[in-house]
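Spelled out from the first residue to the last, the chains are:
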Amino acid sequence: MRRIISVVLIASLLFCACGRVEIETEESEITIYTTEAPVVTTTEATTTEVTTTTEVTTTEATTTEEEPEPVVISISFPDEFFTELQEIFDRYGVNQNCDGDEEDCSCDIYSETTDEDGNVTREKVVSIYYMDLETGYSFEINSDVHYPVASCVKIPFVVYLYEKLAADEIDGDTVLTYESRHYMGGTGIIQDGEVGDQYTVMELLELSVIRSDNIAYQMLKDLISWDDFAEYCQSYGCTHEIDTRLTQEKICTESAGAYARILAQFLESDNPYVDTFKSHLAITRIPMIKSSYTLYRKYGWTNYAFHDIAYVEAPHPYILAILTNLEGEESSDYSLYSEISYLIEEYADAAWEAVQQENS
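Residues numbered from 1 in each chain as written. Predicted model: local features only at pLDDT ≥ 70, side-chain atom pairs only at ≥ 80, totals over all residues. Heavy atoms only, no water.

J.: Explain the overall build of the protein chain to me, using residue names and the numbers behind them.
T.: A tally of regular secondary structure across the protein chain gives nine helices and 17 strands. Counting only residues that meet the buried cut, the protein chain has 50% of its 360 residues in that class. Of the contacts made within the protein chain by residues no fewer than 6 positions apart, 67% connect residues no fewer than 24 positions apart. Summed over its atoms, the accessible surface of the protein chain is roughly 17,800 Å², and 45% of this surface lies on carbon and sulfur atoms. (Helix = DSSP H or I, 4+ residues; strand = E, 2+ residues; numbered from the N terminus. Buried < 20%, exposed > 50% of the residue type's maximum accessible area, 1.4 Å probe, protein only. Contact = heavy atoms within 4.5 Å. Areas by Shrake-Rupley, 256 points an atom, 1.4 Å probe, with all protein chains shown as cover.)

Structure follows, in structure tokens:
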């Protein structure tokens, strides 16, 4: 728990201080923001041996050896990674149309064209947030684009409720009743039932994740103050007001990164509900982000939004958020996610292999 908390604090300072390095390539229109990894040092502990004798009344201490030089651990992704990423974008026709000078961070993700045959083509936009949890190294792709948040907001929302359950501020056995005011279309199974149906808080939390049930989410909102929840998200780095409002919330890499850090901190904590949450996240539907390692993820899908946020339990864990305006109805939408996911995993592993070789 201590490790991820320290990383979160460091990352927050980096973002607040705008400590970003902008990299623009001639071959690509994408803008990459990276944060240098905080220096992580390790030193071997030294001991001082004290000897005593019965004949001498003084205590003689042996001299300590000179303290070894600390081992500096930091990682980064090379330029080759970003070149390969752009090649993926090119193959899938992703056109990064964000104007980084937009003060409201709200680029046009709704751009569509209709040809003479009536076929509608949407300009594809992709944003990415990555952070290595041990060093704090991170990068963001297309950070200035805001998308509809969809069900990604259920990540911090559910964590927030689990924290209240652990603090005995909410009782998981409390029964809530489905009222007509809770109705919300889209994903979920409660809508197949009847107004007046009842569910416990724990049942609604499970449905919110496994089935991404929108009505369950609306019912659970009755348990909290949205202002308090918004403040909770802001404390992790959601600084854009449009990302924390009650209705029609938005999401960009900043807020996606905040959601991912909330998820990681919770999953690495000793909260009694961690295993329950993990079991739900492990079987969420709609496979998008993929990994060779165990991962815990939650997707969001609505008009002009096809997102996924994950905690990857690699030997050196990392968090990853991929935001898009795709429709999620084509196999290519899923293969794009797969290629991006595995490319990041490959370079994340390689970065740590390089560290091991340097320090061996």
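J.: Break down the pattern of salt bridges for me, citing the residues and quoting the values.
T.: Under the defined criterion, the tally for this structure stands at eight salt bridges. In this structure, the salt-bridge partner of Arg122 is Glu112, at a minimum N-O distance of 3.1 Å. Taken together, the residues Arg122 in strand β8 (residues 120–122) and Glu112 in strand β7 (residues 112–114) connect sequence positions 10 residues apart. Overall, Arg122 belongs to the buried group, its relative accessible area being 17%. Judged by its relative accessible area of 35%, Glu112 is partly exposed. Lys164 serves as the salt-bridge partner of Glu169, at 2.8 Å between the closest nitrogen and oxygen. Relative accessible area serves as the criterion here: at 54%, Glu169 is assigned to the exposed category. Classification of Lys164 as buried rests on a relative accessible area of 18%. One salt-bridge network, held together by shared partners, links Glu112, Arg122 and Glu327. (Salt bridge = Lys/Arg side-chain N within 4 Å of Asp/Glu carboxyl O.)

J.: Help me get a handle on the pairing of strand β15 (residues 295–302), residues and values and all.
T.: Among the eight residues that make up β15, six are buried, leaving the element largely enclosed by the rest of the structure. The sheet contact formed by β15 and strand β16 (residues 305–312) spans eight bridges and is antiparallel. By the bridge assignment for β16, Leu295 is matched with Val312. As consecutive antiparallel partners, β15 and β16 are separated by two residues, and within that stretch Tyr304 has a phi angle of approximately 65°, a positive value. (Pairing = 2+ DSSP bridges.)

J.: I'd like to hear about the side chain of Ser338, residue by residue, with values.
T.: Counting through the fold element by element, Ser338 comes out in helix α9 (residues 331–358). Sequence-distant contacts of Ser338, defined by excluding residues within four places in its chain, comprise Met288 and Lys290.

J.: Mind laying out the nonpolar core, listing which residues take part and the relevant values?
T.: Generally speaking, soluble globular proteins have nonpolar side chains that are buried together. If you look at the biggest cluster of nonpolar residues, it comprises 60 residues, and the most contacted ones within it are Ile190, Phe229, Ile251, Leu267, Phe277 and Ile309. In terms of residues, this core owes the most to one element, helix α7 (residues 253–267), which gives nine residues. Excluding its chain neighbours within four sequence positions, the residues that come into contact with Phe229 are Val153, Pro156, Phe157, Tyr160 and Ile224. Leu85, Phe89, Phe139 and Val355 belong to the second largest nonpolar core, which has 39 residues in total. (Core = buried A, V, L, I, M, F, W, Y, C linked by side-chain atoms within 4.5 Å.)

J.: Which residues make up empty space enclosed by the protein, and what values do they have?
T.: What the rule picks out here adds up to one cavity of 30 Å³ or more. Taken as a whole, the largest cavity holds about 30 Å³ of empty space. As for the largest cavity, its lining consists of Val153, Trp226, Phe229, Ala230, Cys233, Asp243, Thr244 and Tyr259. No other element matches the four residues that helix α6 (residues 226–235) contributes to the lining of the largest cavity. For the lining of the largest cavity, the residue count by class is six nonpolar, one polar and one charged. (1 Å grid on protein atoms, 1.4 Å probe; cavity = no way out; pocket = protein on both sides within 12 Å on 5 of 7 lines; lining within 4 Å. Points joined across faces, edges and corners; volume = space filled by probe spheres on them. Nonpolar A, V, L, I, M, F, W, Y, C, P; charged D, E, K, R; others polar.)

J.: So, the pairing of strand β10 (residues 138–141): which residues are in play, and what are the values?
T.: By the alternation rule, side chains of β10 split into Ser138 and Glu140 and Phe139 and Ile141, which are all buried. In this structure, strand β9 (residues 126–132) lies alongside β10, joined through four bridges in antiparallel fashion. Note that in β10 the partner of Ile128 across the bridge is Ile141. Count of turn residues in the β9/β10 antiparallel hairpin: five residues, of which Gly136 carries a positive phi of about 85°.

J.: Let's hear about the packing of helix α3 (residues 154–166) against α7: which residues, and what values?
T.: Across the interface, α3 lies against α7 with an axial gap of 9 Å and an inter-helix angle of 35°. When the axes of α3 and α7 are compared, the crossing they make is left-handed. Counting all contacts with α3, which are made through Ile155, Pro156, Val159, Tyr162 and Glu163, the residues of α7 involved are Tyr259, Ile262, Leu263 and Phe266. Its residues placed into classes, the contact of α3 with α7 shows eight nonpolar, no polar and one charged. (Axes fitted to C-alpha atoms, helices over the stretch in contact; angles between N-to-C directions. Left-handed = near helix turned anticlockwise from the far one by under 90°.)

J.: Would you mind going over the environment of Lys164 in detail, with residue names and values included?
T.: Mapped onto the elements, Lys164 comes out in helix α3. Distance in space between the C-alpha atoms of Lys164 and Ile224 is 9.6 Å, their sequence separation being 60 residues. Aside from chain neighbours lying at most four places away, what touches Lys164 is Glu169, Ile170 and Ile224.

J.: So, the packing of aromatic side chains: which residues are in play, and what are the values?
T.: The description of an aromatic ring pair uses the distance of the two centres, along with the angle that the planes make with each other. Taken as a whole and judged by the stated rule, the model has 28 aromatic pairs. Relative to Phe139, the ring of Phe77 has its centre 5.5 Å away and its plane inclined at 55°; by these criteria the two rings are tilted. Linking Phe77 in the loop between β6 (71–73) and α2 (79–91) with Phe139 in strand β10, this pair joins segments that are 62 residues apart in sequence. Between Phe157 and Phe229, the ring centres sit 5.6 Å apart and the planes meet at 85°, which makes this aromatic pair edge-to-face. Here Phe157 is found in helix α3, whereas its partner Phe229 is found in helix α6, with 72 residues between them in sequence. Each of the two residues, Phe157 as well as Phe229, counts as buried. Stacked on the ring of Trp226, the Lys or Arg Lys221 has its end atom at 5.1 Å from the ring centre. (Phe/Tyr/Trp six-rings, centres within 6.5 Å; stacked < 30°, edge-to-face > 60°. Lys NZ or Arg CZ within 6 Å of the ring centre and 35° of its normal.)

By themselves, these observations are geometric and do not establish any function.
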